[in-house]
Protein chains: 2
Amino acid sequence: MNETSRNIPDQRYGERLTACRQTMVEREFAALFIGVGPDLRYLTGFVGEATERLTFLVIPREGPVSFVVPRLEVEKASTAPLVRAGHAEVTPFEETDDAPALVADLLAHRQLSTGRAAWEPIGLSDRLWAMHVLQMQAALPGRKFERASVVMRDLRQVKDADEARLLALAAAAADRTVDGIAAGPLVGRTEADVSREIRRRLIDEGHDLADFAIVGSGPNGASPHHDATERTIAAGESIVLDLGGTLAGYASDTTRTIWVAGEDSIAPQPEFGLVYALVRDAQARATSAVAPGVPAEQIDAVARATITSGGYGEFFTHRVGHGIGLEVHEDPYMVAGNTAPLAPGMAFSVEPGVYLPGRWGVRLENIVMCAPDGATVLNRSSLDLRVVRG
Amino acid sequence: MNETSRNIPDQRYGERLTACRQTMVEREFAALFIGVGPDLRYLTGFVGEATERLTFLVIPREGPVSFVVPRLEVEKASTAPLVRAGHAEVTPFEETDDAPALVADLLAHRQLSTGRAAWEPIGLSDRLWAMHVLQMQAALPGRKFERASVVMRDLRQVKDADEARLLALAAAAADRTVDGIAAGPLVGRTEADVSREIRRRLIDEGHDLADFAIVGSGPNGASPHHDATERTIAAGESIVLDLGGTLAGYASDTTRTIWVAGEDSIAPQPEFGLVYALVRDAQARATSAVAPGVPAEQIDAVARATITSGGYGEFFTHRVGHGIGLEVHEDPYMVAGNTAPLAPGMAFSVEPGVYLPGRWGVRLENIVMCAPDGATVLNRSSLDLRVVRG
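Per-chain numbering applies: the sequence of each chain, read as written, is numbered from 1 onward. Key to labels: chains lettered from A, ligands numbered from 1, both in the order written. Note on the predicted model: pLDDT of at least 70 is required for a residue's local features to be given, and 80 or more for side-chain atom pairs to be given and counted; whole-chain, interface and lining totals, by contrast, use all residues. Note: side-chain values were computed over all heavy atoms of the structure, leaving out hydrogens and water.

Enquirer: Which parts of the structure should I look at to understand the packing of aromatic side chains?
Expert: What describes a pair of aromatic rings is the distance from one ring centre to the other and the angle between the planes of the rings. In summary, the pairing rule links any two rings of Phe, Tyr or Trp, Trp by its six-membered ring, whose centres are within 6.5 Å, and it sorts them by plane angle into stacked for under 30 degrees, edge-to-face for over 60 and tilted for everything else. Scanning the model with the defined rule gives 12 aromatic pairs over all chains in all. Consider the rings of Tyr312(A) and Phe315(A), whose centres lie 6.3 Å apart with planes at 50°: the pair is tilted. Think of it in three bands: with a 1.4 Å probe and only protein chains considered, a residue is buried below 20% of the maximum accessible area for its type, exposed above 50%, and partly exposed in between. Overall, the relative accessible area of 16% leaves Tyr312(A) in the buried class. With a centroid separation of 5.3 Å and 90° between ring planes, the pair formed by Phe46(B) and Phe67(B) is classed as edge-to-face. Here Phe67(B) lies in strand S3 (residues 66–70) and Phe46(B) lies in the loop between helix H2 (38–44) and strand S2 (56–60), a separation of 21 residues in the sequence. The class of Phe46(B) is buried, set by a relative accessible area of 6%. Joined through ring pairs, the aromatic side chains of Trp259(A), Phe272(A), Tyr276(A) and Trp360(A) make up one cluster. Sitting over the ring of Tyr13(A), Arg16(A) keeps its end group 5.2 Å from the ring centre. Charges are assigned to positions over rings by a cutoff of 6 Å between ring centre and Lys NZ or Arg CZ, combined with an angular limit of 35 degrees from the ring normal. The aromatic ring of Tyr42(A) is capped on one face by Arg16(A), whose charged end is 4.1 Å from the ring centroid. Counting from the N terminus, the helices are DSSP H or I runs at least four residues long and the strands are E runs at least two residues long.

So, in structure tokens, the structure goes:
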């Protein structure tokens, strides 16, 4: 497996299923219903979008695993690595079948509707649609349901070598996108136009999907989740660029704040320079705090203390980071209250920001991985303030 | 409002909210919790992606409507047309707040946790993530939850003039994409390469997002939901092209099956020609059956009877169509068992198909709208078998 391979070896899926079932035993789950989404991709390699047609990997704690799919997905489901390797059997239903009843029957056949197993919860994948949650609750009255992430979190938040490689490839593609945009020109263009260029570059640099491209120019940078608008970018203002896509399923997510000087080389006002340096310092200190055993909330606290001591604490309005992998936001979250310890293989963002309403914002974001001796930073594009002339 | 405007007038959102609450009274819902997704876009104009951060439009049957959002979405939420027009107030929560508890409190303040209202269900938007469903069920123990689509379906499935215009614009953009691909060349290219070209053309022709681009060449056409692969397209085989995107939120979805003749002008085998004619006949007959008052299942039955009488009934393995609007699949579904009558303004696909495993498939799909006097067909690209030379 070379460093640019986009492949996850087939046997990995069987290993993940085994680990999943071990965790189910520890946490006392009778079964998991995993709908189309990141949990399903993690366990089976199946790539797809959730739809109104119920599609479940049904994992009882023991015995055969069933991949319940609508008839027209059978050929596709049969090529999923977990199925190909013989670890799950495809169970199709017809358009006019009652799929929730079929899943309930399956549970009864697996002896999970009687005795002790009947009292243990069934885990539902976090992103399963409410329509399917409510259908299954109606089909299995009295049954207790919990979030499958109680089981899946521990598996997914520690990345294996293949996942680490894909996250690094995605980060590098995002870095090249940032560099391309920061090369300009930007003056006179709309945010929406720059956002389109970002999406195009994300794909050209190797992502399969361009998922988001925030372009917050001038005062729009003060809204952390600003959507690109028809506002025209002018010389003498900053832009928050927050962009990402997915590569072989794995997400990139990086933010740089740049300065548009224009041909007259307009310099930033002093306060902007101070805040930029403060956010950069907070980002660096938080990254330095990453190590195995450190509580996740500590990473947030380190960044927050830095920004608060600089006098801008009230303008740092969000947590400092989120886990990343098959989802752009996933466990572990770097937020006050999350005392769970970091462990080698965890990947997450470190992205402090300061937002001054009506004026501008500064955010700097890297993806880092917890390594045995500290943090490995996946994003390599410069954290120096980029000054764009054109 | 001209025919190419992508705008939905602001006042429409207030009208939709009023209609929604009238339906809530009829169906005896105490409140709706509408998460980020098509229902939220329909009611507020808010465009976004669902995330792990709870984001709810809380609609009690009476009294103030609250848009509960994480702090960092406040500026964006405030610009949603429904909020701008004063019909909903933004209620922010902090990263460390217990958002489900906050929503539960809100319900209590609206007198919806006591008396008769406490026994009436709360509607959850169909696509709300299971994690939020389970959180709200835990925060409101004993409360009954139902699908919000019980209320939303009747509103959303009948399109107004603005929605009809956007669906027509999206359909026309999809038609131009089909025409561009059918102009060739195709021989010697991979399915994945053609799929990328489709996605690029969908955007170039006016979609905001390119959502899917099925390229099922030769035997791959027999899998209705085939993903484009590295298979190379050869002369002397058919391709099922099923593609769509969204334009101002509204979806396109069209399918054409084309014949790749190559430079030597290889003709299709006779059975392919017969099946193509049969599917085309079924598509035409089903379209002709569209009229107000006709049960939705009748459209399916007409197409199925045609294909069955031609001897290929067992190979038509899916329903004949689905509603389309802010979702590519939504109510009403053209499927056996759906006896609900069609009404003017309903938009849906008519897409019979025949799939011969290991050989090839044929599917033809148009989006149609039910009009007072029959069907208005939105897709205009030719249903004749396209023969591609190169």
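Enquirer: Help me out: how do you make sense of the interface of chain A and chain B in this one?
Expert: In many reports, interface size means the accessible area that the parts give up when they come together. In this description, contact between two residues means that some pair of their heavy atoms is separated by no more than 4.5 Å. Contacts between the two partners involve 37 residues from chain A, matched on the other side by 37 residues from chain B. Once two parts are put together, the accessible area they lose, assessed with a 1.4 Å probe and summed over both, is termed the buried area. When chain A packs against chain B, close to 3,500 Å² is buried across both sides, 57% of that on carbon and sulfur atoms. Considering only the surface of chain A that becomes buried against chain B, Leu72(A), Leu134(A) and His225(A) emerge as the three largest contributors, covering 16% of it. Salt bridges are counted wherever a side-chain nitrogen of Lys or Arg sits within 4 Å of a carboxyl oxygen of Asp or Glu. Applying the counting criterion to the chain A and chain B interface returns four salt bridges. A salt bridge links Glu52(A) to Arg319(B); the nearest nitrogen and oxygen atoms lie 2.5 Å apart.

Enquirer: How should I be thinking about the side chain of Glu351(B) in this particular structure?
Expert: Residue and element names in this part refer to chain B. By secondary structure assignment, the location of Glu351 is in the loop between strand S13 (347–350) and strand S14 (353–356). At a separation of 2.9 Å, a polar atom in the side chain of Glu351 contacts the side chain of Ser349. Ignoring sequence-local partners within four residues, the contact set of Glu351 consists of Asp253, His318, Val320, Gly321, His322, Arg363, Leu364 and Glu365. Counting of polar contacts relies on pairs of N or O atoms within 3.5 Å, with two restrictions inside protein: one atom must be capable of donating a hydrogen and the other of accepting it, and residues adjacent in sequence are counted only when both atoms are side-chain atoms.

Enquirer: Sorry, what's going on with the relation of the copies chain A and chain B here?
Expert: In this comparison the copies share one frame, found by least squares on the C-alpha atoms of residues holding pLDDT of at least 70 in both. Overlaying chain A on chain B yields an RMSD of 0.0 Å, the required transformation being a rotation through 180° with an accompanying axial translation of 0.0 Å. Look at the turn and shift together and you get a two-fold axis relating the two. In terms of C-alpha distance to the rotation axis, chain A has Trp129(A) as its closest residue, with the C-alpha 2.5 Å off the axis. Of the interface residues in chain A, 100% have counterparts in chain B that sit at the interface too, so the contact is made through matching surfaces.

Enquirer: I'm lost on the domain arrangement of chain A in this one. Help?
Expert: All names here are of chain A. For each domain, the first and last residues come from an automatic or database assignment. According to the domain assignment, chain A contains domain 1 (3–156) and domain 2 (161–388). Here the C-alpha centre of domain 2 lies 34 Å away from the C-alpha centre of domain 1. With 15 residues of domain 1 at the contact, the number on the domain 2 side is 15 residues. Buried area between domain 1 and domain 2, both sides added, is near 1,300 Å², and the carbon and sulfur share of it is 46%. The largest share of the area that domain 1 buries against domain 2 comes from Arg6, Arg41 and Arg156, three residues that together contribute 42% of it.

Enquirer: Looking at this model, I keep getting lost on the sheet that holds strand S6 (residues 145–147) of chain B. Mind explaining?
Expert: Hydrogen bonds between backbone atoms are what pair the strands of a sheet, whose relative direction is either parallel or antiparallel. Pairing is mixed in the open sheet, where six strands are placed in the order S4-S3-S2-S1-S5-S6 (chain B). The sheet terminates laterally at strand S4 (89–93) and S6 of chain B, the two strands that pair on one side only. Strand-to-strand twist across the sheet, computed as the mean angle between neighbouring axes with direction ignored, equals 25°. Pairing between strands requires that DSSP locate at least two bridges from one strand to the other. As defined by bridge partners, S2(B) adjoins S3(B) across three bridges and the pair is classed as antiparallel. Opposite Leu57(B), over in S3(B), you have Phe67(B) as the bridge partner. Sheet strands in contact with helix H6 (residues 130–139) of chain A are strand S5 (122–124) and S6 of chain B, and its direction is about 125° off that of S6(B). The convention used is that axes are lines fitted to C-alpha atoms, helices contributing only their stretch in contact, and that angles between N-to-C directions extend from 0 to 180 degrees.

Enquirer: Just checking my understanding: could you explain the sheet that holds strand S2 (residues 56–60) of chain A for this structure?
Expert: Ordered in space as S4-S3-S2-S1-S5-S6 (chain A), the six strands form an open sheet in which the pairing is mixed. The open sheet has two edge strands with one neighbour each: strand S4 (89–93) and strand S6 (145–147) of chain A. Within the sheet, the average angular offset between the axes of one strand and its neighbour, ignoring direction, is 25°. Summarising the sheet, strand S1 (residues 31–34) of chain A and S2(A) pair through four bridges and their orientation is antiparallel. Looking at the pairing, Phe33(A) lines up with Val58(A) of S2(A). Along the sheet, helix H6 (residues 130–139) of chain B makes contact with strand S5 (122–124) and S6 of chain A, crossing S6(A) at roughly 125°.

Enquirer: For this particular structure, what's the right way to read the pairing of strand S15 (residues 360–363) of chain B?
Expert: Along any regular strand, the residues point their side chains to alternate faces of the sheet. Residue and element names in this part refer to chain B. Along S15, one buried face is formed by Trp360 and Val362 and the opposite face, lined by Gly361 and Arg363, is buried too. Pairing between S14 and S15: four bridges, direction antiparallel. Paired with Gly353 across the two strands is Arg363, which belongs to S15. Linking S14 back to S15 in an antiparallel pair, the connection comprises three residues, with Gly358 at a positive phi of about 80°.

Enquirer: Looking at this structure, I do not really get the packing of H6(A) against H6(B). What am I missing?
Expert: Packed helix pairs are specified by the crossing angle of their axes together with the interaxial distance, meaning the distance between the axes. As a packed pair, H6(A) and H6(B) sit with axes 8 Å apart at the nearest point and diverge in direction by 55°. Looking at the two axes, H6(A) sits oblique to H6(B). Relative to H6(B), H6(A) is oriented so that their crossing is right-handed. Seen from H6(A), the contacting residues are Ala130(A), Val133(A), Leu134(A) and Gln137(A); seen from H6(B), they are Ala130(B), Val133(B), Leu134(B) and Gln137(B). Charged means Asp, Glu, Lys or Arg here, nonpolar means Ala, Val, Leu, Ile, Met, Phe, Trp, Tyr, Cys or Pro, and polar covers whatever is left, Gly included. A breakdown of the residues in the contact of H6(A) with H6(B) according to their chemical character gives six nonpolar, two polar and no charged. Roughly parallel means an angle under 35 degrees; roughly antiparallel, over 145; roughly perpendicular, 65 to 115; everything else is oblique. Each crossing gets its hand from how the near helix is turned against the far one by less than a right angle, where anticlockwise is left-handed and clockwise is right-handed.

Enquirer: Can you help me understand the nonpolar core in this one?
Expert: Inside soluble globular proteins, nonpolar side chains tend to come together where they are buried. To qualify as a nonpolar core, a set must consist of buried Ala, Val, Leu, Ile, Met, Phe, Trp, Tyr and Cys residues joined through side-chain atoms within 4.5 Å. In terms of nonpolar packing, the biggest core is built from 48 residues, with Phe33(A), Phe56(A), Leu124(A), Phe33(B) and Phe56(B) touching the most fellow members. Contact partners of Phe56(B), with chain neighbours within four places excluded, come to Phe33(B), Ile34(B), Gly35(B), Ser66(B), Phe67(B), Val68(B), Val103(B), Leu128(B) and Met136(B). In terms of nonpolar packing, the next biggest core, distinct from the first, is built from 42 residues, Leu57(B), Phe67(B), Ala251(B) and Ile367(B) among them.

Enquirer: Whenever I open this one, unusual backbone geometry confuses me. Can you help?
Expert: The phi angle of most residues is negative, glycine excepted, and most peptide bonds adopt the trans form. Here Asp331(A) and Pro332(A) are connected by a cis peptide whose omega angle stands at 0°. Mapped onto the elements of the fold, Pro332(A) is located in strand S12 (residues 330–334). Positive phi, close to 60°, is recorded for Glu28(B), a residue that is not glycine. Relative to the assigned elements, Glu28(B) resides in the loop between helix H1 (11–27) and strand S1 (31–34). For Glu28(B), a relative accessible area of 44% translates into the label partly exposed. Positive phi is not limited to glycine here, since Gln111(B) has a value of about 60°. Looking at Gln111(B), the relative accessible area reads 59%, which means it is exposed.

Enquirer: Looking at this model, I keep getting lost on the pattern of salt bridges. Mind explaining?
Expert: For side chains bearing opposite charge, pairing can occur when the charged atoms are close. Residue and element names in this part refer to chain A. Tallying each qualifying case throughout the model produces 70 salt bridges over all chains. Here Arg110 and Glu89 are joined by a salt bridge, their closest N and O atoms 3.8 Å apart. With a gap of 21 residues between them, Arg110 in the loop between helix H5 (99–109) and S5 and Glu89 in strand S4 connect regions that are remote in the sequence. Its relative accessible area of 21% is what places Arg110 among the partly exposed residues.

Enquirer: Explain the side chain of Ser238(A) here, please?
Expert: Mapped onto the fold, Ser238(A) is located in strand S8 (residues 237–247). Setting aside chain neighbours within four positions, we find Ser238(A) in contact with Gly216(A), Ser217(A), Gly218(A), Thr257(A), Ile258(A), Trp259(A), Phe272(A), Trp360(A) and Gly361(A).

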